[in-house]
Amino acid sequence: MTPIELATRRRVTGLTSGEFARLFVTIERKVGGESAHWDASDVESWELVGPPATADQHLNDTFAAANEFVATLAKRLYRMITPAEEDTVVTVFDDDVTFWAEQPDLGGIPHALWNIAALQAIEWVRQESGVVCTLDVRPAIG
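Below is a summary of the structure that appears in this document. None of these values were measured; they are calculated from a predicted model.

1. Structural notes on the environment of His58
Position of His58 among the secondary structure elements: in helix α4 (residues 56-81). Residue His58 is classed as buried on the basis of its relative accessible area, which comes to 18%. C-alpha separation for the pair His58 and Ile27, spaced 31 residues apart in sequence, amounts to 8.7 Å.

Here it is, written out as structure tokens:
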């Protein structure tokens with residue numbers, strides 16, 4: 001994977017370097033037999049000089065998992081909010097900690113993926129019924 005491909009694909013997923021690194025480590029616990037302990041600075045470096053060859057397939061797997069998660073969650077949220085009315089509210093999150101506190105089964109998944117899925121679900125509702133749902137942004141805890 002080239003540096004520009006990595007940077008572009010990460011940006012398209014809506015993730016910051018740090019969020020992508022956390023997702024990568026959550027999904028790919030080991031790379032080349034060693035524990036994956038990467039962070040935002042590693043991702044930023046890969047976007048300049050390219051990722052290590054041993055990480056290439058793992059990066060593709062991480063992007064695929066992120067896309068699958070968003071698609072699955074958007075469908076789930078859509079089913080939860082339909083039939084929608086004008087006062088239908090969908091929760092989105094300001095940060096990972098608040099998201100994980102409210103959705104503990106999704107710990108390690110960046111809140112940005114939930115937010116993208118929520119936006120997709122309310123767009124489907126708008127296209128199908130004309131109903132515009134409201135987003136409730138949960139501020140960061142404490």
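2. Observations concerning the packing of aromatic side chains
One pair of aromatic rings is described through two measures. These are the centre distance and the angle between the planes. Counted by the stated rule, this structure contains nine aromatic pairs. Here Trp38 and Trp46 contribute two aromatic rings whose centre-to-centre distance is 4.8 Å and whose plane-to-plane angle is 85°, an arrangement assigned as edge-to-face. Judged by relative accessible area, Trp46 falls into the buried class, the value being 7%. Aromatic pair Phe93 and Trp114: ring centres 5.9 Å apart, planes at 70°, arrangement edge-to-face. Of this pair, Phe93 sits in strand β3 (residues 89-93) while Trp114 sits in helix α6 (residues 111-129), placing them 21 residues apart in sequence. Here Phe93 falls in the buried class, since its relative accessible area comes to 3%. Among the aromatic residues, those joined into a ring-pair cluster are Phe20, Phe24, Trp38, Trp46 and Phe63.

3. Details of the pattern of salt bridges
According to the stated counting rule, one finds six salt bridges in the structure shown. As a salt-bridge pair, Arg10 and Glu47 come within 2.5 Å of each other at their nearest N and O atoms. Here Arg10, found in helix α1 (residues 3-13), pairs with Glu47, found in helix α3 (residues 40-49); they are 37 residues apart in sequence, far enough to count as distant. Judged by relative accessible area, Arg10 falls into the buried class, the value being 7%. Across the salt bridge formed by Asp136 and Arg138, the nearest N and O atoms sit 3.0 Å from each other. Overall, the relative accessible area of 27% leaves Asp136 in the partly exposed class.

4. A few points about the nonpolar core
Burial of nonpolar side chains together is a common tendency in soluble globular proteins. Formed by 37 residues in total, the largest nonpolar core has its most connected members in Phe20, Leu59 and Leu113. Listing elements by their share of this core, those giving two or more residues are α2 (17-27), α3, α4, β3 and α6. Looking at this core element by element, the count peaks at 10 residues for α4. When sequence neighbours within four positions are dropped, the list of residues in contact with Phe20 reads Leu6, Arg10, Leu15, Val43, Leu59, Thr62 and Phe63.

Rules of the game
Residues numbered from 1 in each chain as written. Predicted model: local features only at pLDDT ≥ 70, side-chain atom pairs only at ≥ 80, totals over all residues. Heavy atoms only, no water. Helix = DSSP H or I, 4+ residues; strand = E, 2+ residues; numbered from the N terminus. Buried < 20%, exposed > 50% of the residue type's maximum accessible area, 1.4 Å probe, protein only. Phe/Tyr/Trp six-rings, centres within 6.5 Å; stacked < 30°, edge-to-face > 60°. Salt bridge = Lys/Arg side-chain N within 4 Å of Asp/Glu carboxyl O. Core = buried A, V, L, I, M, F, W, Y, C linked by side-chain atoms within 4.5 Å. Contact = heavy atoms within 4.5 Å.

No statement about biological role is implied by the geometric values presented.
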